[in-house]
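# Summary of structural features
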Amino acid sequence: MEPVILVVEDEQILRDMLVQHLGQEGFAVAQAVDGQEALQIVEDICPDLIVLDLMLPKLSGWEVLKSIRQQGGVPVIILTARADEVDKLLGLELGADDYLTKPFSPRELTARIKAVLRRTHISSAVASINIGNLTIHPTRMEAVVGGHELPLTSTEFKILLLLAENPGQVFSRLHILERVFGDMYEGYERTIDTHISNLRHKIDSSGASNFTIKTVYGIGYKLVAEE
Ligand code: CA
């Protein structure tokens, strides 16, 4: 079955263009013209991905995103015309999966949608991952050690999930960026080091002793499970 994409955009010309283009690309497309309608449609049809404009009548895209995130993990790609909104997006970790600044080409949006669907399908393909006393629930975005949930940010969670799904495999910083953020943090490979450092600290203080995230000098990181 083709993935269902919900396009939330109040500018009719842009919305029509996106709906038509995504339809031609083989997606099933639903549309909403304001924030309230968006939430109603999300509840009615459970889309596979939402393309969400931030400046909307009735409920803003921010409010829609917050509400969607309280309900679950449907991927969201944000559309915005303003650079300062992008800063806010990156800073708040509200859980958008990618964003595009206007103007953008429909082809670019399609590429981003496919990339996000690929990432999220990989992550939700299994119910849980167990490494020693660590259990990861991808759909709930929870990592549990010895009955206690690790207090991870969404970014730390995504990195841990990626490494834990592929124990022993080395991931370069660039690869981690692409898999975790799409193109959102392009050019900031070193931000991965900070996230890894925070993640290690949280894992260490959780009492997990049966795996480590190792630095592979000059390349990146891998998760090593101990016997
Ligand atoms: Ca708008």
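Everything below is about the structure shown above.
In what follows, the accompanying structure is described. These numbers were taken from a predicted model, which means no experiment stands behind them.

## Quick word on the sheet that holds strand β8 (residues 142-145)
To summarise the sheet geometry, strands pair through backbone hydrogen bonds and adopt either a parallel or an antiparallel arrangement. In space, the four strands of this open sheet follow the order β6-β7-β8-β9, with antiparallel pairing throughout. Each of the sheet's edge strands pairs with one partner strand only, and the pair in question is β6 (129-131) and β9 (148-149). Where strand β7 (residues 134-137) and β8 come together, four bridges link them in antiparallel fashion. Pairing of Thr-135 across the sheet is with Val-144, part of β8.

## A look at the coordination of the calcium ion
At 2.1 to 2.3 Å from the calcium ion lie its protein donor atoms, namely Asp-10 (OD), Asp-53 (OD) and Met-55 (O). Binding-site remark: the calcium ion is held by donors from one chain whose sequence spacing is D-x42-D-x1-M. Its relative accessible area of 3% is what places Asp-53 among the buried residues. Judged by relative accessible area, which is 52%, Met-55 ranks as exposed.

## Points about the pairing of strand β4 (residues 76-80)
Taken across its five residues, β4 has five buried, putting it largely inside the fold. Residues Val-76, Ile-78 and Thr-80 of β4 are buried on one face, and the alternating residues Ile-77 and Leu-79, pointing to the opposite face, are buried as well. Across four bridges, strand β3 (residues 49-53) lies against β4 in parallel orientation. Bridge pairing in β4 places Ile-50 opposite Val-76. Taken together, the four bridges between β4 and strand β5 (residues 98-101) define a ladder with parallel strand orientation. Residue Leu-79 lies in a different strand from β5, and its bridge partner there is Leu-100.

## Let's talk about the pattern of salt bridges
A side chain of one charge can pair with a side chain of the opposite charge when the charged atoms of the two come close. For the structure on display, the rule yields 11 salt bridges. Lys-114 is the salt-bridge partner of Glu-25, the closest N and O atoms lying 3.4 Å from each other. In this pair, Glu-25 is assigned in the loop between α1 (12-24) and β2 (28-32) and Lys-114 in helix α5 (residues 106-124), connecting sequence segments 89 residues apart. Of the charged contacts, one joins Lys-202 and Glu-156 as a salt bridge, the two residues approaching to 2.7 Å between their closest N and O atoms. Taken together, the positions of Lys-202 in helix α8 (residues 191-206) and Glu-156 in helix α6 (residues 154-165) put the pair 46 residues apart, joining distant regions of the chain. A single salt-bridge network, built from bridges that share partners, covers Glu-9, Glu-11, Asp-53 and Lys-102.

## What about the pairing of β7?
Looking along a regular strand, one sees side chains alternate from face to face of the sheet. Of the two faces of β7, the one holding Leu-134 and Ile-136 and the one holding Thr-135 and His-137 are both buried throughout. Sheet topology places β6 next to β7; three bridges connect them, and they run antiparallel. The partner of Ile-131 across the bridge, within β7, is Leu-134. In this structure, the hairpin formed by β6 and β7 is closed by a connection of two residues, where Gly-132 is found at a positive phi of approximately 55 degrees. Where β7 hands over to β8, the hairpin turn is made up of four residues, of which Met-141 adopts a positive phi near 55 degrees.

## With respect to the side chain of His-21
Considering the arrangement of structural elements, one finds His-21 in helix α1. Ignoring any residue separated from it by four or fewer positions in sequence, one finds His-21 in contact with Pro-106, Arg-107 and Thr-110.

## Remarks on the sheet that holds strand β10 (residues 171-172)
The strand order across the open sheet built from three strands is β10-β12-β11, with neighbouring strands paired in antiparallel fashion. The open sheet terminates on both sides in strands that have one partner only, identified here as β10 and β11 (211-216). Inspection of the sheet shows β10 paired to strand β12 (residues 220-225) by two bridges, in the antiparallel sense. Bridge assignment links Ser-172 to a residue of β12, and that residue is Gly-220. Sitting on the sheet, α6 is in contact with β10, β11 and β12, with an inclination near 60 degrees to β12.

Quick notes on the rules
Residues numbered from 1 in each chain as written. Predicted model: local features only at pLDDT ≥ 70, side-chain atom pairs only at ≥ 80, totals over all residues. Heavy atoms only, no water. Pairing = 2+ DSSP bridges. Helix = DSSP H or I, 4+ residues; strand = E, 2+ residues; numbered from the N terminus. Donors = N, O, S within 2.8 Å, 3.2 Å for Na, K, Ca; no water. Buried < 20%, exposed > 50% of the residue type's maximum accessible area, 1.4 Å probe, protein only. Salt bridge = Lys/Arg side-chain N within 4 Å of Asp/Glu carboxyl O. Contact = heavy atoms within 4.5 Å. Axes fitted to C-alpha atoms, helices over the stretch in contact; angles between N-to-C directions.

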